[in-house]
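What follows is the residue order along each chain.
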Amino acid sequence: MRRPRGLAVMTWVYVVWSLLPVLLAIRFAFNSGRSRTSLQGFSLRWFWKDPVLSVRHDPTLWSALQHSLILAALCMLIATPLGTALALGLQRWRGRGSGAVNVLMLLPLVTPELVFAVGMFLLFTTAFGFIGLGTPAQVIGHVTFCLSWVVLIVRGRLVTIGRDVEEAAADLGAPPWEVLRRVLLPLLSPAVAAGFLVCFALSIDDFVVAQYLASGSDTTTVPMRIYAQARNAPTPALNALATIMLVVSLAALVLAWVVFRWLSRGRSASIDEFAVGALK
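In this numbering scheme, every chain counts its residues from 1 along its sequence in written order. Per-residue local features of the predicted model are confined to residues with pLDDT of at least 70, and side-chain atom pairs are confined, for both listing and counting, to 80 or more; whole-chain, interface and lining totals are unaffected and use all residues. Hydrogens and water molecules were not included; the side-chain quantities draw on all heavy atoms of the structure.

*Asks:* Please set out the overall build of the chain residue by residue, giving values where relevant.
*Replies:* Comment: elements are numbered from the N terminus, with helices defined as DSSP H or I runs of at least four residues and strands as E runs of at least two. For the chain, the count of helices and strands is 13 helices and zero strands. Of the regular secondary structure in the chain, the N- to C-terminal order runs α-α-α-α-α-α-α-α-α-α-α-α-α. Once the C-alpha set of the chain is aligned to its principal axes, its extents read approximately 70 × 65 × 40 Å. Taking all 280 residues of the chain together, 39% fall into the buried category. Contact between two residues is taken to exist if any of their heavy atoms lie within 4.5 Å; hydrogens are not considered. Across the chain, the fraction of contacts at a sequence separation of at least 24, relative to all contacts at a separation of at least 6, is 71%. Note on areas: Shrake-Rupley, 1.4 Å probe, and residue coverage restricted to the protein chains presented here. Split by element, the accessible area of the chain, about 15700 Å² in all, is 69% carbon and sulfur. The convention is simple: Lys and Arg are positive, Asp and Glu are negative, and His and the chain ends are not counted. Throughout, a charge is located at the NZ atom of Lys, the CZ atom of Arg, the CG atom of Asp or the CD atom of Glu. The centroid of the 23 positive side-chain charges in the chain is displaced by 10 Å from the centroid of its 13 negative side-chain charges. For every residue, the accessible area (1.4 Å probe, protein chains only) is compared with the maximum for its type, and the residue is labelled buried under 20%, exposed over 50%, or partly exposed between those bounds.

*Asks:* So what's going on with a nonpolar patch on the surface? Which residues, and what values?
*Replies:* A patch is a set of surface residues, each over 30% in relative accessible area and not in a salt bridge, joined within 9 Å for like charges and within 5 Å for the nonpolar side chains Val, Leu, Ile, Met, Phe, Trp and Tyr. One speaks of a salt bridge when a side-chain nitrogen belonging to Lys or Arg is within 4 Å of a carboxyl oxygen belonging to Asp or Glu. Judged by side-chain polarity, Ile 70, Leu 74, Leu 77, Ile 78 and Leu 82 come together as a nonpolar surface patch covering roughly 420 Å² of accessible area. Inspection of the secondary structure assignment puts Ile 78 in helix α3 (residues 59-92).

*Asks:* Explain the pattern of salt bridges to me, and be specific about the residues and the numbers.
*Replies:* According to the stated counting rule, one finds one salt bridge in the structure shown. Linking Asp 50 and Arg 45 is a salt bridge whose minimum nitrogen-to-oxygen distance equals 2.8 Å.

*Asks:* Let's hear about the layout of surface pockets: which residues, and what values?
*Replies:* Cavity and pocket criteria rest on a 1 Å grid covering protein atoms alone: a 1.4 Å probe that fits but cannot get out defines a cavity, protein on both sides within 12 Å along at least 5 of 7 lines defines an open pocket, and an atom within 4 Å of a point defines a lining residue. Grid points are joined across faces, edges and corners, and a volume is the space filled by probe spheres set on the points. Put simply, the largest pocket is a space of about 170 Å³. Forming the walls of the largest pocket are Pro 108, Leu 109, Thr 111, Glu 113, Phe 116, Phe 145, Trp 149, Leu 202, Asp 206 and Val 209. For the lining of the largest pocket, the elements supplying multiple residues, two or more each, are α5 (107-110), α6 (113-125) and α7 (135-161). Under the convention adopted here, Pro, Cys and the residues Ala, Val, Leu, Ile, Met, Phe, Trp and Tyr are nonpolar, Asp, Glu, Lys and Arg are charged, and Gly plus all remaining residues are polar. For the lining of the largest pocket, the class distribution of residues is seven nonpolar, one polar and two charged.

*Asks:* Any details on the environment of Arg 34? Residues and values, ideally.
*Replies:* Residue position: Arg 34 is located in the loop between α1 (5-29) and α2 (45-49). On a C-alpha basis, the gap between Arg 34 and Asp 206 in space is 28 Å, while along the polypeptide they are 172 residues apart. When residues no more than four places from it in sequence are discounted, the contact partners of Arg 34 are Gln 40, Arg 45, Trp 46, Leu 53, Thr 235 and Pro 236.

*Asks:* Got a sec to walk through the nonpolar core? Specific residues and values, please.
*Replies:* Nine residue types can take part in a nonpolar core, namely buried Ala, Val, Leu, Ile, Met, Phe, Trp, Tyr and Cys, and a core is a set of them joined through side-chain atoms within 4.5 Å. One finds Val 154, Leu 158, Leu 188 and Cys 199 to be the most contacted residues of the largest nonpolar core, which totals 55 residues. Only α2, α3, α6, α7, α8 (164-171), α9 (176-205), α10 (208-213) and α12 (237-263) provide two or more residues apiece to this core. Residue contacts for Val 154: discarding those within four places in its chain leaves Thr 84, Ala 87, Leu 188, Ala 191 and Val 192.

*Asks:* How would you sum up the packing of aromatic side chains? Please name residues and give values.
*Replies:* We describe a pair of aromatic rings using the distance from one ring centre to the other and the angle between the two ring planes. Classification of ring pairs uses Phe, Tyr and Trp, with its six-membered ring standing for Trp, and accepts pairs whose centres are within 6.5 Å; under 30 degrees between planes counts as stacked, over 60 as edge-to-face, and the remaining range as tilted. Within this structure, the stated rule accounts for six aromatic pairs. Ring geometry for Phe 30 and Phe 47: centres 4.9 Å apart, planes at 40°, overall tilted. Note that Phe 30 is positioned in the loop between α1 and α2 and Phe 47 in helix α2, a separation of 17 residues in sequence. The burial state of Phe 30 is the same as that of Phe 47; both residues are buried. Among the aromatic residues, ring-to-ring pairing joins Phe 30, Phe 42 and Phe 47 into one connected group.

Any functional reading would require information beyond the geometric quantities listed.
Listed below in structure tokens is the structure:
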């Protein structure tokens, strides 16, 4: 059979069509003038050189960038250990109710984000009114929908490891805590690192949940700021802010992939030997 050249052409057309708006937005972030429709040279004015309108010197844009990074950092630090613990518990739980809990844990992955955000909004304005809207509510919301991703990633790694490594460590006399600390967690480190950085990418790009749980300008994230200013004759500083967010998100995903490959190097081939060596 001949090579499916038509499929390759369609794929490249789709890729170019998808990337073209992004590349145009990035190009105008480096525009020398205020126009966002006509090219006027190349400059870093809108990143930090303009003393008033650049991302670095505009208090609204700089505050939004800082708040997004804070939310993403808190989400990583909270969701990753919780998700790892939940993955271990759900993978080992075989009693009554385990099937239902497994389905509920993955429910945020298939629930429309708007429905999830409205539910969280009602939760923090009624049942948990003492928390209220603002940064704590945004952190809890981001942790809630990021947990499922961490559980999914870590459980995938647990399936590849299997129970043999724990049984081998126990046969060598290791108590359960030592099996977890010296054998299981090192083997899970690639998945934990990947979940850690995926949480960062998901949180920093979120708009709907952060929008519904925000309480004012001090809790505005970058996606919220871009949405609010996109229709009000913005300067290319908004493009610069979007470019920074894109670079940070891509860097987090690339770093997650690199860390996962580096930590998993040479471990999957002989897991039992690794367990024995770790306990010596």
